[in-house]
Amino acid sequence: MSLLAPLLLLGLLGLAAPLVAHLRGREEPRKIAFAALRFVRPGDEVVTMRRHLRDRLLLGLRLAALALLALALARPVSSGRARVAVLGEPHDAILLVDGSLSMSLRTDGLRALDGAADAAAAVVDALPPGSRVGLVTSDPSGPRLELSADLGRVREAIGEWLAGGAPRAGAWPLDSGLPVAAALLRGDGGRRRAVYAIGDPTARGLPSLPEAAGPDVPVLPVPALGSLDALPPVPEHLSLDSVGWEPARDLDPRAVRVWGVVRRHAPGPIEPDNLRRVAVAMQLGGEEVARADVMVPRGGEARVEFTHTLIGDGPSPAALALVELTDDPLPGDEVRHFWLAGEDELDIVLVNGDPSEMRAHDEVFFLATALAAAPGRRLRVHGLAPDQLEARLREPRPLAGVDVVVLANVRAPAPDAAAALTRRVEEGLGLFVTVGERVEAAAYNDRLGELLPLRLREAQVVGTAPGRTENRTEGLAPANLAHPALRGLGDDLGLLGARTRRLFLLEPDAARAVDVALSFTSGAPALITRSHGRGRVALLTTSVDRDWSDLPLRPGFVPLVERLVAYLDASQQGAAGAVLRVGEPRVLPGDRPATVITPGGERLAAVPDGHGEAVFKDTWVPGHYTVERGDDEPPLRFAVQVDPAESDTTLQTVAGPRIEGDEVMAAARYPRWRPLVLLVALLLLIESILRWRLTSRREQTRAR
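This structure is a prediction, so every number in the text was calculated from the model and none was measured.

A count of helices and strands for the protein gives 11 helices and 36 strands. For the protein, with 704 residues in total, the buried portion stands at 48%. In the protein, of all internal contacts separated by at least 6 residues, the share reaching a separation of at least 24 is 74%. Carbon and sulfur atoms make up 53% of the accessible area of the protein, which amounts to about 34,400 Å² in all.

Attention now goes to the sheet that holds strand β34 (residues 623–628). Ordered in space as β29-β35-β34-β31-β32, the 5 strands form an open sheet in which the pairing is mixed. Only two strands of the sheet have a single neighbouring strand rather than two, namely β29 (579–581) and β32 (603–606). The sheet shows a mean angle of 30 degrees between the axes of neighbouring strands, taken without regard to direction. Where strand β31 (residues 594–597) lies against β32, 4 bridges are found, and the strand directions are antiparallel. Bridging across to β32, V596 finds its partner in L604.

With that settled, consider the sheet that holds strand β8 (residues 192–199). With mixed pairing, the 6 strands of this open sheet are ordered in space as β7-β6-β3-β8-β10-β9. In the strand order of this sheet, the two ends are held by β7 (145–148) and β9 (212–214), each with one partner. Across this sheet, the average inter-strand angle for adjacent strands is 25 degrees, counted without regard to direction. Across 5 bridges, β8 lies against strand β10 (residues 217–223) in parallel orientation. Residue Y196 lies in a different strand from β10, and its bridge partner there is L220. Sheet strands touched by helix α3 (residues 112–126): β3 (91–97), β8 and β10. Its angle to β3, the strand with the most contacts, is close to 175 degrees.

I348, F432, L518, L527 and F557 are the most contacted members of the largest nonpolar core, which has 39 residues in total. Those elements that place two or more of their residues in this core are β18 (346–352), α6 (365–373), β20 (404–408), β25 (502–506), β26 (515–519), β27 (525–532), β28 (535–540) and α10 (557–568). A total of 7 residues in this core trace back to one element, the largest contributor, which is α10. If near-sequence neighbours (up to four positions away) are discounted, F432 is found in contact with L367, V405, V406, L407, L527, A538, L540, L564 and L568. Counting residues in each nonpolar core, the second largest holds 35 residues, with V402, V410, A420 and L539 among its members.

Let us now look at the environment of W548. Looking at where W548 falls in the secondary structure, it is placed in the loop between β28 and α10. Accessibility expressed as a relative area gives 4% for W548, which makes it buried. On a C-alpha basis, the gap between W548 and T500 in space is 6.0 Å, while along the polypeptide they are 48 residues apart. The residues touching W548, leaving out its near neighbours within four places in the chain, are V435, G436, E437, A459, R499, T500, R501, R502, L503, F504, T542 and S543. Of note is the side chain of W548, whose polar atom sits 3.5 Å from the side chain of E437.

Under the definition given, this model contains 5 aromatic pairs. Here W172 and W620 contribute two aromatic rings whose centre-to-centre distance is 5.8 Å and whose plane-to-plane angle is 50 degrees, an arrangement assigned as tilted. Of the two residues, W172 is situated in the loop between α4 (152–163) and α5 (178–184) and W620 in the loop between β33 (613–616) and β34; the sequence distance between them amounts to 448 residues. Classification of W172 as buried rests on a relative accessible area of 11%. Taking the centre distance of 5.0 Å and the plane angle of 10 degrees together, the rings of Y625 and F638 count as stacked. Of this pair, Y625 sits in strand β34 while F638 sits in strand β35 (residues 636–641), and the two are 13 residues apart along the sequence. Judged by its relative accessible area of 1%, Y625 falls in the buried class.

A separate point is the pairing of β10. The two faces of the sheet receive side chains in turn, since in a regular strand these alternate between them. The buried count for β10 comes to 7 of 7 residues, which makes it a mostly enclosed element. Of the two faces of β10, the one lined by V217, V219, P221 and P223 and the one lined by P218, L220 and V222 are each fully buried. Here 2 bridges tie β9 to β10, and the two strands are oriented antiparallel to one another. Each residue of the ladder has a partner; that of A212, found in β10, is P218. In this structure, the hairpin formed by β9 and β10 is closed by a connection of 2 residues, where D216 is found at a positive phi of approximately 60 degrees.

Turning our eyes to something else, we now look at the side chain of H91. Structurally, H91 can be placed in strand β3. Assessed through its relative accessible area of 0%, H91 is described here as buried. Once you skip the residues sitting within four places of it in the chain, H91 turns out to touch L127, P128, S131, R132, R191, R192, A194 and Y196.

A complete count under the given rule lists 32 salt bridges for this structure. The partner of D139 in a salt bridge is R168, with the nearest N and O atoms 2.6 Å apart. One end of the pair, D139, is in the loop between β6 (132–137) and β7; the other, R168, is in the loop between α4 and α5, with 29 residues separating them in the sequence. The residue R263 makes a salt bridge to D241 at a minimum N-O spacing of 2.7 Å. With a gap of 22 residues between them, R263 in strand β12 (residues 255–265) and D241 in strand β11 (residues 237–247) connect regions that are remote in the sequence. The exposure class of D241 is buried, given its relative accessible area of 14%.

We now examine the packing of α6 against α10. Two elements in contact, α6 and α10, have axes separated by 9 Å at closest approach and are oriented at 80 degrees. Of the possible angle classes, the one that applies to α6 and α10 is roughly perpendicular. Contacts from F366, L367, A370, L371 and A373 in α6 reach F557, V558, V561 and V565 in α10.

Here is what the cut-offs are and how they apply
Residues numbered from 1 in each chain as written. Predicted model: local features only at pLDDT ≥ 70, side-chain atom pairs only at ≥ 80, totals over all residues. Heavy atoms only, no water. Helix = DSSP H or I, 4+ residues; strand = E, 2+ residues; numbered from the N terminus. Buried < 20%, exposed > 50% of the residue type's maximum accessible area, 1.4 Å probe, protein only. Contact = heavy atoms within 4.5 Å. Areas by Shrake-Rupley, 256 points an atom, 1.4 Å probe, with all protein chains shown as cover. Pairing = 2+ DSSP bridges. Axes fitted to C-alpha atoms, helices over the stretch in contact; angles between N-to-C directions. Core = buried A, V, L, I, M, F, W, Y, C linked by side-chain atoms within 4.5 Å. Polar contact = N/O pair within 3.5 Å; in protein donor to acceptor, adjacent residues only side chain to side chain. Phe/Tyr/Trp six-rings, centres within 6.5 Å; stacked < 30°, edge-to-face > 60°. Salt bridge = Lys/Arg side-chain N within 4 Å of Asp/Glu carboxyl O. Parallel < 35°, antiparallel > 145°, perpendicular 65-115°, else oblique.

See the structure below:
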């Protein structure tokens, strides 16, 4: 045990104050004149009462309260095991602190983020004299401090950050703050530099970091709780991972079927026989309308389902929530918000450019099958021939009511039809282009080159390129899970075994901002997307049937198609696609200012830019949002949910720090003054009650 402010123990001198008050705080005797005094001679001996301690219990309480207060102000701390080794010579250090939702996990009553603050203090105290320190957090709105020799300001900044409500509901991987930390360490090449990363040992925490942030800049992991060789066990907690709904017209025209997945997070393997009863409530408009119990195995998940008949028109704010939870170690992931409507379908048009009686070679068979199997989606799928598509594009209102068009190995439309298709995409239509034998690069580039993410070059048979003659197929590289269409899916996506025999190469264009969702192992793009006006366009550089690839046979094909179609619905006016992660911006189409009503009732303005759309970024609070766009346009609605990845608290292996040269061990310091403050408050309460009782008793005695 040690004291951070030992000089404040001088406050113990104040213990004399209650003693003096007891000795000198007696009431002065009052003179009462009455007639018999005339018989008393002035020379009689006067008897006085000596001063002595009377209310010893009251005095003891006051002395104890003052002594504990002085001890608390001295800030006693106890030292624990060493958490990390710091460089043993003066150097520049950046503290990188995890600020994501998972840092609100409580272990033995202590939040991970509070433990991170203690770990940061331990690192700062262990830095050799002459060192400079800065601060970065993964929270975009968290504190950022440049290098300074004033080490105490890091503690102050972290304290203010915690007092401001950190951590928020956002999901920011710890490595997202590493580029900022590396930028703050640039310069002063003569000094040693290091990044001390403080976070939890989860997949998005410490294990996500590389060993170095640059040349001679090691990244030294510091666990928020415990030490690398003695991590505390992860407590069991519950989360509501996902929700979905679909019309249940087999029961009633207005009925909907709502489902949710409850996960029971616990270390170790799944124990099917170890079941826990969990209550799940369905809420509409903030009121509970149904409740059900579900049995969840330890380390596993269980599905709960509700059936509800909607009353009235328009979407209703709905939510599924875990209820009757007491002291869940990780709060904030037990509620999922969404909008619920009786009619909310996504209209998709599949244009078959190469129909075949053999299903495996029919261009849209696998697409239509995947869309029909997509869970929780309300899709209305139509099939058109290429000439029917051109006829629809020549109507006064081309493709009215259509949300997404899929051109599956279709010859380039006629110039006038292609121009109409371009205008519809600019207005918000989603377009998905897959290639094949009927796609001619020159015609597509000439008529739809403005729409395509990148212009087509030529179809390439795998194995004919120089240096690849030994390969007859091309595999898929791991998916880019940071792409908006794939966010939240599994690591391998179920597509890694896909093989492609033929693909289209693309013309590089640095002026076009494109997002690559899938790539081949050679580095060639497989699935790329790009925004055009208010709409979005996706291009698959191989076929979607079995002619060129076995992609549609892979288990990840269904979730890929489902996510991609939802992403291409750029307007997202329906309840189905209007779900964002916390902190994810919402694009609002329209050239007029809009008003966004937040879950707390706050009204925020969204002003469009020169491209005819507004970007609303203030989505930090989970819940229901409504966008008012004027009296002549229907409101837009969307929901914001926490990222389920933050609920995964499975411990991952963290490599120990690698330090060249001298090192100093930074021991953990655990504050012990907080219980003392609570004890002081309790003693003052008891003292007040005792003083009131003594005063009342004396007044009653005098009244007699």
